[in-house]
Amino acid sequence: MTGQVSIKRRHLAGIVMGNVLEFYDFTVFGFFALQISRNFFPTDDPFSGLLLALATFGVGFLGRPVGAHYIGRYGDRVGRKPAMLLSFSLMGGALLVIALTPPHHMIGVAGAVIVVIARLVQGFAIGGEVGPTTAMLIEAAPRGRKGMYGGWQIASQGMAILLAGGVGLTISSQLPPADVDAWGWRVALLLGAALLPLGFWLRRTLPETLPEDVAAADHQPAQSASFSFISLGIVLILSGTVVNYTLQYLTTYAITTLALDPVTAFASTSVVGGCLMLFGLAGGFLSDFTGRKPMVILPRILLLVLAYPVFSNLVAAPSEQGLLIGAAMLAALYALSTAAANVSVAEGLPRAQRSRLYALIYSIAVAVFGGTTQFIIAALIKWTGNPVAPAWCMVAASIAAIAVAFAMRETVGERRRFREPKAVAEGAGA
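To start, this report covers the structure provided alongside it. (Residues numbered from 1 in each chain as written. Predicted model: local features only at pLDDT ≥ 70, side-chain atom pairs only at ≥ 80, totals over all residues. Heavy atoms only, no water.)

**Some points on the side chain of Ser337**
For step 1, the next point in the chain: Positionally, Ser337 belongs in helix 16 (residues 320-347).
For step 2, the next point in the chain: Residue classification places Ser337 among the buried positions, given a relative accessible area of 2%.
For step 3, the next point in the chain: When residues no more than four places from it in sequence are discounted, the contact partners of Ser337 are Met295, Val296, Pro299 and Arg300. (Helix = DSSP H or I, 4+ residues; strand = E, 2+ residues; numbered from the N terminus. Buried < 20%, exposed > 50% of the residue type's maximum accessible area, 1.4 Å probe, protein only. Contact = heavy atoms within 4.5 Å.)

**Some details on unusual backbone geometry**
For step 1, the next point in the chain: Notably, Ala259 is not glycine yet its phi reads approximately 60 degrees, a positive angle.
For step 2, the next point in the chain: With respect to the helices and strands, the residue Ala259 is situated in the loop between helix 13 (250-256) and helix 14 (262-290).

**Thoughts on the layout of surface pockets**
To find the voids left in a structure, one rolls a probe of water-molecule size over its atoms.
For step 1, the next point in the chain: Roughly 190 Å³ of volume is contained in the second largest pocket.
For step 2, the next point in the chain: Along its surface, the second largest pocket is lined by Leu34, Gln35, Arg38, Ser172, Leu175, Pro176, Pro177, Val180, Asp181, Ile255, Pro262 and Phe266.
For step 3, the next point in the chain: Looking at the lining of the second largest pocket, the elements with two or more residues in it are helix 2 (33-40), helix 9 (177-194) and helix 14.
For step 4, the next point in the chain: Partitioning the lining of the second largest pocket into residue classes produces eight nonpolar, two polar and two charged. (1 Å grid on protein atoms, 1.4 Å probe; cavity = no way out; pocket = protein on both sides within 12 Å on 5 of 7 lines; lining within 4 Å. Points joined across faces, edges and corners; volume = space filled by probe spheres on them. Nonpolar A, V, L, I, M, F, W, Y, C, P; charged D, E, K, R; others polar.)

**Here's the deal with the packing of aromatic side chains**
For step 1, the next point in the chain: Under the criterion given, the structure shown has five aromatic pairs.
For step 2, the next point in the chain: On the basis of an interplanar angle of 80 degrees and a centroid distance of 5.8 Å, the ring pair of Phe40 and Trp185 is categorised as edge-to-face. On the criterion of sequence distance, the pair formed by Phe40 in helix 2 and Trp185 in helix 9 is long-range, its members being 145 residues apart. The burial state of Phe40 is the same as that of Trp185; both residues are buried.
For step 3, the next point in the chain: With centroids separated by 5.7 Å and ring planes inclined at 80 degrees, the aromatic side chains of Tyr253 and Phe311 adopt a geometry described as edge-to-face. A residue pair is termed long-range when its members are at least 10 positions apart, and Tyr253 in helix 13 and Phe311 in helix 15 (residues 292-316) qualify at 58 residues. (Phe/Tyr/Trp six-rings, centres within 6.5 Å; stacked < 30°, edge-to-face > 60°.)

**Quick look at the pattern of salt bridges**
For step 1, the next point in the chain: Applying the stated criterion across every chain, the model contains seven salt bridges.
For step 2, the next point in the chain: Its salt-bridge partner being Arg38, residue Asp181 comes within 2.9 Å of it at the nearest N-O pair. Placement of Asp181 in helix 9 and of Arg38 in helix 2 is noted, with a sequence separation of 143 residues between them.
For step 3, the next point in the chain: Note that Arg80 is salt-bridged to Asp76, the shortest N-O span being 2.6 Å. In this structure, Arg80 and Asp76 share a single accessibility class: buried.
For step 4, the next point in the chain: When salt bridges with common partners are traced through the structure, they connect Asp76, Arg80, Glu139, Arg351 and Arg354 into a single cluster. (Salt bridge = Lys/Arg side-chain N within 4 Å of Asp/Glu carboxyl O.)

**Focus: the nonpolar core**
For step 1, the next point in the chain: Grouped together as the largest cluster of nonpolar side chains are 106 residues, with contacts concentrated most on Phe32, Leu247, Leu250, Phe311, Tyr358 and Met394.
For step 2, the next point in the chain: The element best represented in this core is helix 16, accounting for 14 residues.
For step 3, the next point in the chain: When sequence neighbours within four positions are dropped, the list of residues in contact with Phe32 reads Gly168, Ile171, Val180, Trp185, Ala188 and Phe266. (Core = buried A, V, L, I, M, F, W, Y, C linked by side-chain atoms within 4.5 Å.)

**Looking at the environment of Leu238**
For step 1, the next point in the chain: Tracing the backbone shows Leu238 in helix 12 (residues 227-248).
For step 2, the next point in the chain: Along the primary structure Leu238 and Ala367 are separated by 129 residues, whereas in three dimensions their C-alpha atoms are 8.9 Å apart.
For step 3, the next point in the chain: With sequence-adjacent residues up to four places away left out, Leu238 is seen in contact with Ala365, Val368 and Phe369.

**Considering a nonpolar patch on the surface**
For step 1, the next point in the chain: A surface patch of nonpolar side chains, amounting to about 340 Å² of accessible area, comprises Ile364, Val368, Phe369, Phe375 and Ile376.
For step 2, the next point in the chain: Looking at the nonpolar patch, the elements that each hand over two or more residues are helix 17 (354-369) and helix 18 (373-384).
For step 3, the next point in the chain: Note on placement: Ile376 falls in helix 18. (Patch = residues over 30% accessible without salt bridge, like charges linked within 9 Å, V, L, I, M, F, W, Y side chains within 5 Å. Areas by Shrake-Rupley, 256 points an atom, 1.4 Å probe, with all protein chains shown as cover.)

**Comments concerning the packing of helix 5 (residues 80-100) against helix 10 (residues 196-204)**
For step 1, the next point in the chain: Their axes nearest at 10 Å, the elements helix 5 and helix 10 cross at an angle of 175 degrees. Looking at the two axes, helix 5 sits roughly antiparallel to helix 10. Across the interface between the two elements, Lys81, Met84, Leu85, Ser87, Phe88, Ser89, Gly92 and Leu95 from helix 5 touch Leu196, Gly199, Phe200, Arg203 and Arg204 from helix 10.
For step 2, the next point in the chain: Within the contact of helix 5 with helix 10, the residues separate by chemical class into six nonpolar, four polar and three charged. (Axes fitted to C-alpha atoms, helices over the stretch in contact; angles between N-to-C directions. Parallel < 35°, antiparallel > 145°, perpendicular 65-115°, else oblique.)

Shown next, in the form of structure tokens:
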């Protein structure tokens, strides 16, 4: 098999649905951090229990770079499709383990240990998921549509957040708080598990986008992306990660800091997910016409300007309307920028190593701050007494993204991204 492989709409649905289910499984843990802390990390200080739960949420990110290397390399040597099936299966198994683990009052500290191990497996799985799926989306895209197809990566994450937020909203509004703590959060996990067979079947029908001759090149000496390109890519993805997990923390932030009700908190999550889905696709689509660089820089400038006023307003006058509008504004700007950023990094990598290298770039960035952002925000609020701390994280991340984006050298259609040596650029795939 050589050359371009086109995919049908149902194939695209298979890639996206699998990604949605994997990210749903991973993120729903964070949305129910309060309930999970009470089940597995009971303490006299509820805030300390929350920090322990958020630390466990962060543990999942430690396995990401390992999964990125092994599953990502598997995707370069054997194919994108088998790598995606492997990561999907591991994620599903770990999800069931977490959902069915007895609480602390039944098995003591063993419950917390089991959950931590399952989170490591989830991190390993999702670390290997991002590389093959992004590579397949880019490689299967028609000419001039790589941005739009690549935008499905962030859009599928938005769909996962929207789904998780909708489930959380339904559970929190229909069940008494005691039932949500006792077993409602498990229902949220098991609903995702119920869809695993569908996602697995959809992925089994996918074509392979890695030509045999390109896969064979993985066994031979080949020029890889430069260290400077990889470093810039890590910073660019890292900056988006900080904003992403700050937005995901809004559910817990609304309850613990703003003292809003759980229904409002989960509604904000649904708003964030919907904006990531819609504006992720829009950002990828627009980047095919304007170039990747403008779509990274302009939304991030607006995000830099608006982050502090949004959080200051929320703290001064907490309200459902203010939370939902603020969440929508910040999420839309983040999604517009991140879609273009992700595609830029993936396009600049050699096709024979794209699955592994993109997975590593993404996973290292997410492992550094994805697993620690929410913990850092919670700790900053407690230690400084300033509830506007999430804005500081968004501002710092936006400054980093803008600085890296100005180092980019690109015109849509060119293979060079950032300031790559000519030889490396010529080695980049479709």
